[in-house]
Every structure is written in structure tokens, then in C-alpha cells.
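# Architecture at a glance
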Amino acid sequence: AVVSTQSTGELKNYSVRLSYPDSDRPSSVKLFDSAGEVKYSCRNMEKPLTEFEKNNPTTPLFNAHSKPGTIKAPYVYVNYAHPSDFELLRKHNISVTGKIVLARYGMMFRGNKVQNAAAAGAAAIVLFKDLSSPQVTERFPNSEFAPSSAGERGTILLYVWFIHSYSFSFYCCNHDNSFLLL
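Bear in mind that the values here come from a model prediction, so they are computed numbers and not experimental data.

In terms of helices and strands, the protein chain carries 3 helices and 14 strands. Expressed as a percentage of the 182 residues in the protein chain, the buried residues total 23%. Across the protein chain, the fraction of contacts at a sequence separation of at least 24, relative to all contacts at a separation of at least 6, is 53%. On the protein chain, roughly 13300 Å² of surface is accessible, and the fraction owed to carbon and sulfur atoms is 56%.

When the pLDDT values of the protein chain are averaged, the result is 77; 75% of them are 70 or greater. Ranking the elements of the protein chain by mean pLDDT puts strand β12 (residues 167-168) last, at 39, and helix α2 (residues 83-91) first, at 98. Low pLDDT (under 50) marks residues 160-182, which in the prediction has 42 contacts with non-local residues, meaning those over four places away or in another chain.

Our next topic: helix α3 (residues 110-119). What α3 keeps buried is the set Arg110, Gly111, Lys113, Asn116 and Ala117. Elements that come into contact with the buried residues of α3 comprise β6 (62-64), α2, β8 (100-104), β9 (124-128) and β10 (153-155). Backbone geometry just after α3 places Gly121 at a positive phi near 95°.

Unlike most non-glycine residues, Asn79 shows phi in positive territory, near 55°. Structurally, Asn79 is set in the loop between β7 (75-77) and α2. The exposure class assigned to Asn79 is partly exposed, which follows from its relative accessible area of 22%. The phi angle at Met107 is positive, at roughly 75°, despite the residue not being glycine. Among the secondary structure elements, Met107 is positioned in the loop between β8 and α3. On the accessibility criterion, Met107 (70% relative accessible area) is exposed.

Rules behind the numbers
- Residues numbered from 1 in each chain as written.
- Predicted model: local features only at pLDDT ≥ 70, side-chain atom pairs only at ≥ 80, totals over all residues.
- Heavy atoms only, no water.
- Helix = DSSP H or I, 4+ residues; strand = E, 2+ residues; numbered from the N terminus.
- Buried < 20%, exposed > 50% of the residue type's maximum accessible area, 1.4 Å probe, protein only.
- Contact = heavy atoms within 4.5 Å.
- Areas by Shrake-Rupley, 256 points an atom, 1.4 Å probe, with all protein chains shown as cover.
- pLDDT = per-residue confidence, 0-100.

Dropping the structure here:
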């Protein structure tokens with residue numbers, strides 16, 4: 001991004017911090033049994049449905065602004081990761097502290113799910129698409145609903161809202177780590 005400051009006429013270049021998946025080290029999620037055997041491994045790409053998709057691969061599945069790392073921990077299902085879901089688990093003496101929580105997409109923004117899981121003490125969150133909706137009887141190409149092989153891409157970044165101006169802020173970073181609020 002190039003930004004001009006009118007008061008001095010100075011022109012500074014800033015590098016936008018953009019999260020993007022590493023194609024050399026794609027993200028993966030694996031579930032192991034008690035013997036250490038892999039019982040499930042997620043895919044990081046969707047199955048191509050058309051000739052165009054076969055010849056033009058898409059971006060790998062990812063959530064921008066996620067922290068990298070490897071987590072090995074027990075997991076707990078937390079429904080939609082709403083605060084009330086964590087409260088229900090606490091009432092039943094089920095702790096998520098230090099665990100991986102499994103949450104369904106939907107009902108709220110994915111960034112809030114991550115925030116709620118962190119506030120509850122979870123070590124990580126895995127978001128998944130629930131295909132069991134009774135309202136969905138057909139999927140693409142016969143309806144507007146995504147095919148069962150479709151995945152999610154998006155951000156978990158929670159933007160800072162300014163109530164007085166009803167706008168939100170983006171930050172650019174210069175190589176000397178100075179920031180510019182846009």
C-alpha cells in the first residue's frame with residue numbers, strides 16, 4: 001500500500017500484513033486414537049467439481065490470521081463455541097483448559113468462536129462444517145447449498161470498530177515496524 005500524507009507531501013511505502021497459507025507446509029488436522037494411529041486426516045483442498053476447477057486449483061483451505069504451530073492434546077466438542085456452550089460444559093464439570101475444541105461453523109462469526117475458545121482456556125480450535133442440516137435436501141449443482149466436499153476460507157481477525165465514526169481500522173506495517181492507521 002502506498003500512503004501519501006498531505007501535510008508534508010511525503011510518500012512512504014508500507015507492507016500490508018496479509019495472512020496466506022504456506023503451500024510448502026499446508027495446514028493439516030489429524031485425529032489419533034489412544035494407540036497413536038491416525039483415525040482421521042482432513043484435506044486442505046476441495047475436490048474439483050468442474051473442468052475449470054481441475055485445471056485451475058483454488059487457494060488451500062485456511063483461516064487467515066490463525067497462529068501456526070503443532071498442538072497435541074485431548075479434544076472436546078463445543079457445539080458452536082458460543083459462550084453459552086462453554087457455560088454448559090462448565091456446569092457439567094467438563095474443562096476445555098489446554099484442550100483442542102471442536103466447533104461447528106455457523107450461528108456466529110468464526111473469529112468470535114476463536115476468541116470464546118481462548119477465553120475458556122482452550123489450546124486450539126478446529127472449526128468444521130456440519131452437513132447434517134435437515135433443511136438441506138440437495139446440494140450444488142442442484143441447489144445453492146455448497147457441495148459436501150466444499151471447505152471454508154476466511155479470516156478469524158476481529159476488526160476494531162470505532163463507534164463515533166462507524167468505520168473500522170486497518171493497520172499497515174513498514175519495514176522498521178512503524179504502523180500506520182488507515
